Every structure is written in C-alpha cells, then in structure tokens.
Amino acid sequence: MTETLHERVGEQSARTPDALAVAMEGETVTYQLLETESNRLARCLRDVGCERGDRVCLFLPKSPAAIVAMLGVLKAGCAYVPVDLDSPGARLAKIVPRADPRVVLVAQAATPQLEELRTAGGLDSDVLVGSSSAKNGTGHAFGADDLAGFSPEPIDSGVGGDDAAHILFTSGSTGEPKGVVITHANVLAFLGWAIPYFEIGQEDRLSGHPPLHFDLSTFDIYGALTSGAQLHLVPPALNLPPKGIARFIERHELTQWFSVPSVLTYMAKFDAVPEGGFPSLRRVLSCGDVLPSPVLGHWAARLPHVRFTNLYGPTEATIASSFHAIETFSPTETNAIPIGRACDREELLVLDEALEPAGAGVAGDLYIAGAGLSPGYWRDEEKTRAAFLPDPRPDRPAGRLYRTGDRARMDETGVVHFLGRADSQVKSRGYRIELGEVERAVTALPELREAAVVGVESEFEGTSLCCAFAAAETEGVSTQRLKQALRATLPQYMVPSRWLALPVLPKNANGKIDRSEIRRLFAPEPAESTRQ
Ligand code: AMP
C-alpha cells in the first residue's frame, strides 16, 4: 500500500488522467495536468536546493494552482505550510520564521502580504522566494511558463508515511501561533476510514470550502484527489453570502459538501436552503464546532434526500476523530447532537483528573488516541509534552494521548457527547481562536489601561469575541480606532466584534479579572455595549 499522499494521488491520476480534478472560477486542472505540473514544480524545488524535510511556505490564494503547488512540494520530499493571507504582516512574522522555510512560493496576488512580512522583519534573507512570475524581481519563478523547462516525469520524493506532509499553524494562548505537524500517514489514516464511509468515488463532486490553512481542507483535497472525484474550490468571496453558497452548490452539482456549523447556520437563517433543493447533493458533513439542533432540523426538513454527519476533531488529531451519522432528525428536536463514536483507528477517551475513565454518563476531559495523532508542535517540545501524553494504559506501552481541552461525557452505549471547553479556546465562524492571543494583542494597545476578552455564545458566529476595557485616558478612545489598531497584529476574524468601555474592570476576591462577570455584562446583548 502506498504510504504517501502524492503517490496516492499519482495512482489516481494514472487511472483517470483526463478527468477533471480541481476547478475554481473557470480555472480547471485535469488529473493528468495535476500530475505533470506538480512533477515539474517538484523538480524546480529540488533545483533550487529543497531537500527532504524542508518546509515550503505557500503564499498562494485558494486556487487549482495552489493544489498543484501542494503536491509539488510533497513530491520534492518537503512539507508545505499554507499561510493565512488575511493575517497581517506582524502575525505572519510569528509564523514564517518559526516554520523556517527553505522556499516561499508566492502568487502575484499575494506579493503585498509578502511585502508586509518583509517589512515586519519576518523574511530571512536566506529564504528563497519564488513567484508565479519572476517579474517582481525575486529571481525564482514557478509559473506554468517558467516550469515548462522541467521534466513532467515523476521524481522519487524519498519520503514515507512518517514524514511531515504539512504544518498547520493555529492560534496559541501565549500569543505565539503553534504549528501542528501532520504526516502523510496521519492523513491517510483518516482517508482510510472516510473514503469508504462516505462512499467517495469518481462520480463525486466535492466542495473545497474552508481556507487552505484549515485542516478540514485536507479532507476535501485528498478525499477527492485520491478517489478520482472533482474538487470544486469555493472562492473566498463566497464565504459569507448564504445565497451565493447555495448557488455554488447548485451550479456545480455538488454531491458532498463539507462545511462548518456557522455556514450551515447562516444559510438556514437567511433561508438559503431550498425546499427539496440541491438534487445532486447526497451528503453534508459538518465539523469544527457545535452543530445546533435547530439548524440541523432546518436542513434535514428541507433536504430529506441528504444524509448528515456531525464530525468532531482537533487539528492535532487530523481532520476528524469521531462521527455521528444523523439518521432521522425532526425540526423540533432540541437535544444536543452527539459527536458520536471514534472513526477507524482512532479512540476517544473521557478521563478524570487521574487519567482514569470517568465512567458512563460522567463528565470528564476528552482525550484522543490513534493513527491521526500529530507527532506534535513544530519545534516546540514543551507544548508538545503538555498536550501529548504517554498513554497511561499498561497494554499501550508506546501509545500517546492528545489532551483536547474539550469536556465530554460518554453514555452507556459508548456515544460521546460534547460539553464545551475546559479552557479559553473558542470557535468563531469556524476559526479556532485562543482568547489569550487576542487579549495579548488588545492589552498591548497603549490607549488601554486594562482589558479582557471573553467569548459569548452568538446566534451566527458560534462564539462572539467581546472585549471589555478601561481606557488609559478618560476621553477620546473610539472602539473603531482600537479595532483598526488591532488589524495591524491580528487577522480580522480575531478582532473582537463587541466592545464595552468600563471605568475599571470587575475583579474577584483574589484581585483577578472576573471574566464570568464580564461575560454576564455582554450576554444577553447589553444595551450599553457598542456593537459594530
Ligand atoms: P480545530 O483544530 O480548528 O479543528 O478545532 C478543534 C476544536 O473544535 C475541538 O477541540 C472542539 O473544541 C471544536 N470542535 C470540532 N468539532 C466539533 C463538533 N463537531 N462539535 C463541537 N465542537 C467541535
């Protein structure tokens, strides 16, 4: 059995060379082209000095070309690091140098972000920058014309299943994003369960909705491309307008759609799910956050021909670790939707503080074991040790557990129910955010004497980021200006949407900021808050 993602895609390309592999806004790539162009890029990367295990940062907007680039990087024996192009230079400067790339691949459209990174001091002079055209003076080029001189024949990548395929940077509570290393074997373990389970085949047309730096996108990409299916990338401009997404599903006759609850919620609230619509759609997969029962009820009632699955899992355990198939669901059902049972080769454990099973029906901390577990955080032993523990069970001497930070309960039948977070990580519009990272940025603003950021349940976003602050000066602090200042260090989705000015922040008996009181002030929507 092939051990690497690119070889698996290569085998599929040999079976269906002329089939459409990836499409977005009129740009299409066949399986044959996917193969030959990524081979050329791999050779080009080798030519500029990339070696096995090197990292290649991708400053590439979502596009078929970005997918080709990912494969090219893997074929060169390297790991790709997809960069969030919505992040400001200051944040990219915390990610790119940490990834320590050999090469940065930049599309013309992303040169402003590269310049921001350079200005923020995040681009080492030893890093080779290759652009989709060498016109910007970088000297190295990997556009189609530039690669034409390289052979389209495969090269030996020299990597195996345990080599890193990509590193995905997520929010870190200390203010430093952390890189989750994902191996070829991690992704293939999930696909080994998911492809037969979801019956993905050559007739399928899958959506590519999440941004390429989200781990959910990994399933769309490799689920489609190792099965001969079509991957239809959703243009980022369609990320929000619900009716636009509905049109996309219709126009591209999607058969499977992998989404996040906030998008399903928007579409339900804005009445974008047509009664009996989307005739080609067979399955909707939801992952990444709590799927609200009324939202599922709405979708299930409108689309009786579609099967829904709630998937659960953190990036550290690769795409998803458990699933709950929804057989029937009434629109009036109010019970929370379980996160279900472990996918093949994965295990969900609900443990108490002594790492003993909490017992049926008892709340505990959720741990994951199995083939999806990342080797750890990139070059961060300490964080890796804190989150990935030796499996305490005597019959698993070499086993590891990932501490998810989620609270859960396993019922008598073995089905797991999600109970929330044990820490201050939240999900807002599908983005995983450590409130600590936001709070650090907010408290660094000179206009503020003190500030605290809390998450409050919201109808649309999952969790809204809410900031209570006391200004340094009594006069003249506008939240508009504070938000603008934050955009210099945080991506838009991390900038709090609700703000509350207080003379002084509430404290508890120990003199610490009383976050539950602040949450209370924000929820329900307080009249005195400035919502903008
Ligand atoms: P990420 O690493 O971005 O995939 O985020 C992982 C976290 O998202 C998990 O630890 C959970 O807190 C949350 N999450 C993922 N899937 C679900 C789900 N189906 N239901 C509830 N929370 C979820």
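Residues numbered from 1 in each chain as written. Predicted model: local features only at pLDDT ≥ 70, side-chain atom pairs only at ≥ 80, totals over all residues. Heavy atoms only, no water.

1. Regarding the packing of aromatic side chains
Part 1 of the reasoning: The final tally for this structure, using the stated rule, is 17 aromatic pairs.
Part 2 of the reasoning: Taken together, Phe190, Trp193, Tyr197, Phe198, Phe219, Phe258 and Phe323 form an aromatic cluster joined through their ring pairs. (Phe/Tyr/Trp six-rings, centres within 6.5 Å; stacked < 30°, edge-to-face > 60°.)

2. Here we look at the site of the ligand
Part 1 of the reasoning: The immediate surroundings of the ligand are formed by 17 residues, with Leu311, Thr315, Asp406, Lys427 and Arg432 found nearest.
Part 2 of the reasoning: Leu311 is positioned with one of its backbone polar atoms (N or O) 2.8 Å from a nitrogen atom of the ligand.
Part 3 of the reasoning: Between the ligand and Asp406 there is a distance of 2.6 Å, counted from an oxygen atom to a side-chain nitrogen or oxygen.
Part 4 of the reasoning: Coverage of the ligand by the protein chains reaches 94% of its 490 Å² of free accessible surface.
Part 5 of the reasoning: Looking at the shell around the ligand, the elements that each hand over two or more residues are strand 14 (307-312), strand 22 (416-421) and strand 23 (425-428).
Part 6 of the reasoning: If you tally residues by element for the shell around the ligand, the top one is strand 14, at three residues.
Part 7 of the reasoning: For the shell around the ligand, the residue count by class is six nonpolar, five polar and six charged. (Near = heavy atom within 4 Å. Polar contact = N/O pair within 3.5 Å; in protein donor to acceptor, adjacent residues only side chain to side chain. Areas by Shrake-Rupley, 256 points an atom, 1.4 Å probe, with all protein chains shown as cover. Helix = DSSP H or I, 4+ residues; strand = E, 2+ residues; numbered from the N terminus. Nonpolar A, V, L, I, M, F, W, Y, C, P; charged D, E, K, R; others polar.)

3. Considering a negative patch on the surface
Part 1 of the reasoning: Residues Glu3, Glu7, Glu11, Asp156 and Asp162 make up a contiguous surface patch of negative charge.
Part 2 of the reasoning: For Glu11, the position within the fold is in helix 1 (residues 5-15).
Part 3 of the reasoning: Taking the relative accessible area as the measure of exposure, Glu11 reaches 33% and is therefore partly exposed. (Patch = residues over 30% accessible without salt bridge, like charges linked within 9 Å, V, L, I, M, F, W, Y side chains within 5 Å. Salt bridge = Lys/Arg side-chain N within 4 Å of Asp/Glu carboxyl O. Lys, Arg positive; Asp, Glu negative; His and termini not counted. Charge placed at Lys NZ, Arg CZ, Asp CG, Glu CD. Buried < 20%, exposed > 50% of the residue type's maximum accessible area, 1.4 Å probe, protein only.)

4. Brief notes about helix 14 (residues 479-486)
Part 1 of the reasoning: By the burial criterion, the buried members of helix 14 are Thr479, Leu482, Lys483 and Leu486. What you see down the axis of helix 14 is that its buried residues fit within an arc of 100°, all on one side. (Arc of directions from axis to C-beta.)

5. Description of the pairing of strand 23
Part 1 of the reasoning: Of the two faces of strand 23, the one holding Gln425 and Lys427 and the one holding Val426 and Ser428 are both buried throughout.
Part 2 of the reasoning: Of the strand pairs in this sheet, strand 23 and strand 24 (residues 431-434) are connected by four bridges, and their pairing is antiparallel. Paired with Lys427 across the strands is Arg432, a residue of strand 24.
Part 3 of the reasoning: What sits between the antiparallel neighbours strand 23 and strand 24 is a turn of two residues, in which Arg429 has the positive phi angle 50°. (Pairing = 2+ DSSP bridges.)

6. Notes on the state of the cysteines
Part 1 of the reasoning: This structure, assessed with the given rule, holds zero disulfides.
Part 2 of the reasoning: With no disulfide partner, Cys467 has as its closest neighbouring cysteine sulfur the one in Cys466, 9.0 Å distant.
Part 3 of the reasoning: With a relative accessible area of 0%, Cys467 lands in the buried category. (Disulfide = S-S within 2.5 Å.)

7. Examining the pattern of salt bridges
Part 1 of the reasoning: Applying the stated rule across the entire model yields 26 salt bridges.
Part 2 of the reasoning: A salt bridge links Lys383 to Asp380; the shortest N-O distance between them is 3.3 Å.
Part 3 of the reasoning: Given the relative accessible area of 22%, Lys383 is considered partly exposed.
Part 4 of the reasoning: Between Arg520 and Glu517 there is a salt bridge, and its shortest N-O distance comes to 2.9 Å. Taken as a pair, Arg520 and Glu517 lie in helix 15 (residues 515-522) at a separation of three residues, close to a single helical turn.
Part 5 of the reasoning: Relative accessible area serves as the criterion here: at 52%, Arg520 is assigned to the exposed category.
Part 6 of the reasoning: Since its relative accessible area comes to 23%, Glu517 is described here as partly exposed.
Part 7 of the reasoning: Three or more residues are tied together by salt bridges with common partners; here these are Glu347, Asp391, Arg393, Asp395 and Arg396.

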